[in-house]
Amino acid sequence: MRSTTPRAALRRAAAALAAAGLLAAGSLALSAPARAAGPAPGFGGPAETALYPYPASGGPQRASVAITVDNPSPDAERGRFEGEYTVTFDFGGIAGVADAVFGAKSGTESGSESGTAAGTGGGADCEITGTTGVCHGTGLAPGTNPLPGLRVGAAAGSRDGDSGTIRVTGTADGAAFTPFTTRIVIGGPDLVMERAPLDQELEPGRTQPFPLAFANHGTRAADGVVLTLTYTRGIEFTERYENCVYREDDAGQGFPVRTTARCSVGGSYEAGAVYELAEPLLLRATRRAYRDTLVYRIDEAGPGTRGAVRVPGARSGQGGTGNVLTLKAAPAAPAAVRSGDLEPGDNQQEADFSTANSADFAAYGDTASGLPGSTVGADIGFRNEGPAWIGNLRSGEPVATVDFTVPEGASVSAWPATCRGVTADGRYREQQAGAPRYVCDTSMAVREDAGRALHFDLKIVQAVTGASGAVEVRGTGARDPLLPFDPDRSNNTAALVLNADDAGDPGATAGGSASGSSGSGGPTDGTSAPASSTPGGSGSTGTTGSPVRDSGTGGRLAATGTDAATPAGAAVAALLAGGVLRLAARRRLRP
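All of these numbers come straight from a predicted model, not from anything done at the bench.

A. Structural view of the overall build of the protein. Along the protein, the regular secondary structure elements total three helices and 41 strands. Across the 591 residues of the protein, 42% fall into the buried class. For the protein, contacts bridging at least 24 residues in sequence account for 79% of all contacts bridging at least 6.

B. Region of interest: empty space enclosed by the protein. Under the defined criterion, the tally for this structure stands at two cavities of 30 Å³ or more. By volume, the largest cavity is sized at about 50 Å³. Considering the residues around the largest cavity, the lining is formed by L229, Y231, F237, E239, Y241, Y246, A261, C263, L281 and L325. For the lining of the largest cavity, the secondary structure elements donating two or more residues are β19 (222-232) and β22 (258-269). Here the lining of the largest cavity is built from residues that sort into nine nonpolar, no polar and one charged. Lining the second largest cavity, in full, are L202, R206, Q208, I235, L283, R284, A285 and F353. Sort the elements by how many residues they give to the lining of the second largest cavity and strand β24 (residues 281-285) lands first, with three residues.

C. View of the sheet that holds strand β23 (residues 274-276). Sheet architecture is open: three strands sit in the order β15-β18-β23, paired in antiparallel fashion. Each edge of the open sheet carries a strand with a single partner, namely β15 (191-193) and β23. Each strand of the sheet is rotated relative to its neighbour by a mean of 25°, with strand direction disregarded. Pairing of β15 with strand β18 (residues 213-216), which is carried by three bridges, proceeds in the antiparallel orientation. Among the inter-strand pairings, V192 is bridged to a residue of β18, identified as A215.

D. Up close: the packing of aromatic side chains. This model, assessed by the stated rule, comprises 15 aromatic pairs. Seen in terms of ring centroids, F89 and F102 are 5.4 Å apart; in terms of plane orientation they differ by 75°. Their pairing is edge-to-face. Pair noted here: F89 is in strand β5 (residues 81-90) and F102 is in strand β6 (residues 98-102), with a separation of 13 residues, a long-range link. According to the relative accessible area criterion, F89 is buried, its value standing at 1%.

E. Spatial organisation of unusual backbone geometry. G386 connects to P387 through a cis peptide bond whose omega is 5°. Position of P387 among the secondary structure elements: in strand β30 (residues 375-387). For D449, which is not glycine, the phi dihedral falls at a positive 65°. Position of D449 among the secondary structure elements: in the loop between β36 (445-446) and β37 (451-460). Even without being glycine, N499 reaches a positive phi, approximately 55°. Structurally, the position occupied by N499 is in the loop between β39 (493-498) and β40 (548-550).

F. Here's a closer look at the pattern of salt bridges. Counted under the stated rule, the structure contains 16 salt bridges. The closest approach of N and O atoms between R288 and E448, which form a salt bridge, is 4.0 Å. Highlighted residues: R288 in the loop between β24 and β25 (291-300) and E448 in the loop between β36 and β37, separated in sequence by 160 residues. Exposure remark for R288: the relative accessible area of 28% places this residue in the partly exposed category.

G. Fine view of the sheet that holds strand β38 (residues 467-474). Across the sheet, six strands lie side by side as β29-β39-β38-β32-β35-β34; this open sheet has mixed pairing. Every other strand in the sheet has two partners, leaving β29 (366-368) and β34 (419-422) as the edge strands with one partner each. On average, each strand axis in the sheet is inclined to that of its neighbour by 20°, with strand direction left out of account. As paired elements, β38 and β39 share six bridges and run antiparallel to each other. Bridge pairing links S468 to V497 in β39.

H. Inspection of the state of the cysteines at higher detail. Across all of its chains, the model carries three disulfides by this definition. Across the disulfide from C126 sits C135; the S-S distance is 2.0 Å. Measuring the twist about the S-S bond at about 115°, one finds the C126-C135 disulfide to be right-handed. For the residue pair C126 and C135, the accessibility class agrees, reading buried in each case. Between the sulfur atoms of C244 and its disulfide partner C263 the distance amounts to 2.0 Å. Since a negative S-S torsion denotes a left-handed disulfide, the C244-C263 link at about 110° is right-handed.

I. The pairing of β22, seen in detail. Across 10 bridges, β19 lies against β22 in antiparallel orientation. The residue bridging L227 from the neighbouring strand is C263, located in β22.

J. A look at the environment of T423. Its place among the elements puts T423 in the loop between β34 and β35 (437-441). With residues up to four places along the chain from it excluded, the contact list for T423 reads Y428, R429, P436 and R437. A distance of 2.9 Å separates a polar atom in the side chain of T423 from the backbone nitrogen of R427.

K. Region of interest: the side chain of E300. If you trace the backbone, E300 turns up in strand β25. A relative accessible area of 9% places E300 in the buried class.

L. Fine view of the environment of V65. For V65, the location among the structural elements is in strand β3 (residues 63-65). Classification of V65 by relative accessible area gives buried; the value is 1%. On a C-alpha basis, the gap between V65 and V152 in space is 7.2 Å, while along the polypeptide they are 87 residues apart. Among all residues touching V65, those that are not within four sequence positions of it are P46, T49, L150, V152, T182 and I184.

M. Geometry of the confidence of the model for the protein. For the protein, mean pLDDT is 77; residues scoring 70 or higher make up 69% of the total. Per-element confidence in the protein is highest for strand β28 (residues 359-364), whose mean pLDDT is 98, and lowest for β40, whose mean pLDDT is 32. Long-range and interchain partners of residues 105-115, a stretch whose pLDDT sits below 50, account for 25 contacts in this model, where long-range means more than four residues apart. With pLDDT under 50 throughout, residues 306-317 is counted as low confidence; its partners more than four residues away or in other chains account for 19 contacts.

N. Region of interest: the pairing of β38. As paired strands, strand β32 (residues 401-405) and β38 are joined by four bridges and run antiparallel to one another. The partner of D403 across the bridge, within β38, is E472.

Procedures and definitions
Residues numbered from 1 in each chain as written. Predicted model: local features only at pLDDT ≥ 70, side-chain atom pairs only at ≥ 80, totals over all residues. Heavy atoms only, no water. Helix = DSSP H or I, 4+ residues; strand = E, 2+ residues; numbered from the N terminus. Buried < 20%, exposed > 50% of the residue type's maximum accessible area, 1.4 Å probe, protein only. Contact = heavy atoms within 4.5 Å. 1 Å grid on protein atoms, 1.4 Å probe; cavity = no way out; pocket = protein on both sides within 12 Å on 5 of 7 lines; lining within 4 Å. Points joined across faces, edges and corners; volume = space filled by probe spheres on them. Nonpolar A, V, L, I, M, F, W, Y, C, P; charged D, E, K, R; others polar. Pairing = 2+ DSSP bridges. Axes fitted to C-alpha atoms, helices over the stretch in contact; angles between N-to-C directions. Phe/Tyr/Trp six-rings, centres within 6.5 Å; stacked < 30°, edge-to-face > 60°. Salt bridge = Lys/Arg side-chain N within 4 Å of Asp/Glu carboxyl O. Disulfide = S-S within 2.5 Å. Polar contact = N/O pair within 3.5 Å; in protein donor to acceptor, adjacent residues only side chain to side chain. pLDDT = per-residue confidence, 0-100.

Okay, structure coming up:
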């Protein structure tokens with residue numbers, strides 16, 4: 001007798017139904033369809049974890065080893081894997097070196113706790129038996145999926161310098177995952193960055209010394225170090241060095257908002273010793289400084305620090321010529337055995353600076369004219385007249401809000417995606433098109449001598465001569481409209497005027513006539529609004545047709561010359577769609 005499986009039987013039944021003409025497209029789905037070929041699921045985690053040696057008394061201090069299951073599907077909506085998966089940890093490579101448990105505890109722990117975790121930190125249940133750990137889970141979203149927290153500590157009898165590896169494998173629906181190996185080492189350097197005595201209340205142009213120092217509190221020497229300095233746009237170091245790589249990145253703002261310098265310094269940095277720069281760096285507050293941040297960090301040199309120097313979207317620059325950043329000489333010592341830092345959390349310090357400076361946000365409006373039924377474009381916004389740049393890089397919150405009141409006789413048909421329609425008194429409004437008022441948040445950073453340009457399309461419902469709508473740049477809170485960095489409030493408001501008295505007769509021609517932008521014009525440097533799809537620019541002429549169509553979300557779709565598809569066109573589209581579906585169904589059923 002020929003053996004069979006339920007899945008094979010189901011496939012044969014489906015083929016029989018198809019041959020009899022009884023299986024319509026989409027009416028029956030196989031329980032486990034073949035998955036399209038693509039990248040195999042894999043794992044993520046640290047390449048290496050250093051542990052404190054086993055103590056003379058008490059339990060070991062454990063460290064987290066964050067292992068993730070990675071679903072490589074690029075489809076965020078339909079790429080989720082809904083089946084079951086199994087992850088296996090082989091702890092045989094760390095036998096006698098370290099002990100592992102699943103759990104979320106921290107600090108000094110005994111080795112007697114349970115090795116079981118149920119869904120802690122991820123959607124899987126894990127258990128350790130002997131030198132094998134097994135996690136069972138269901139469902140993997142595209143991207144990174146955390147497993148329950150794995151914690152390791154030095155094993156009794158282990159010695160400084162011992163090391164081993166943990167191998168991670170997995171399967172899902174019969175498919176093998178790409179394996180992963182992470183290294184565990186006992187002992188190592190523990191570089192600790194000291195907090196520098198910096199004056200954090202500054203004046204533009206002021207320079208102060210930066211006496212950086214760090215210590216090694218670990219069990220072994222560090223073989224070379226990498227000093228990382230990250231500073232925002234308003235501050236800078238007066239000199240650049242040959243052994244440093246400088247990178248600028250914009251954090252998605254369209255202009256450089258911070259610089260990262262990575263300086264490599266060779267040598268052996270002994271356990272128990274303190275080191276400092278041979279000569280202090282000089283830190284300066286620039287003319288554009290206002291609220292700025294400096295982050296300074298120390299790491300042992302090696303592969304573990306190379307990835308950290310890469311900043312997405314950053315531009316690299318060479319260091320200076322002539323001078324080399326150096327540290328005070330360390331005593332001669334044997335070559336160090338490289339390993340991870342015992343406590344990476346203390347490698348870094350930060351300082352926030354407040355500079356006595358200001359920025360001047362000046363609002364600008366526009367003028368336009370058109371006949372009833374026509375649509376006109378208008379560009380409004382504000383410009384930062386400086387001298388300071390303004391950035392909320394820590395919080396990521398907008399630095400300001402543009403508040404626009406729509407002129408009488410007009411209805412907004414298209415607006416920037418960063419704007420939302422509200423009621424006249426600023427409350428929530430579900431219908432976004434045709435709102436009497438729009439509030440538009442800026443980005444989290446605005447460069448000096450740049451600003452924010454916002455394009456609106458307005459349908460002229462009724463021609464009202466000299467209809468004026470207010471444009472105000474203010475704080476993000478409606479109850480606290482002041483901009484703390486802008487002492488000059490006289491230019492925080494402007495107007496959008498439709499069919500002004502001096503614009504001529506707006507009804508003289510079917511198309512109307514446009515007048516140019518008023519005031520300082522629309523800046524687009526740094527934080528510009530999305531480009532309009534309407535020909536013409538600020539104050540574009542009214543039209544009898546609809547150059548754009550409201551998409552319901554603030555977006556703009558190109559018009560096709562009519563407001564809706566004709567019945568004949570709809571019928572043709574439906575006929576074509578039916579033919580395509582029928583052809584696809586026949587292709588699927590073909591043996």
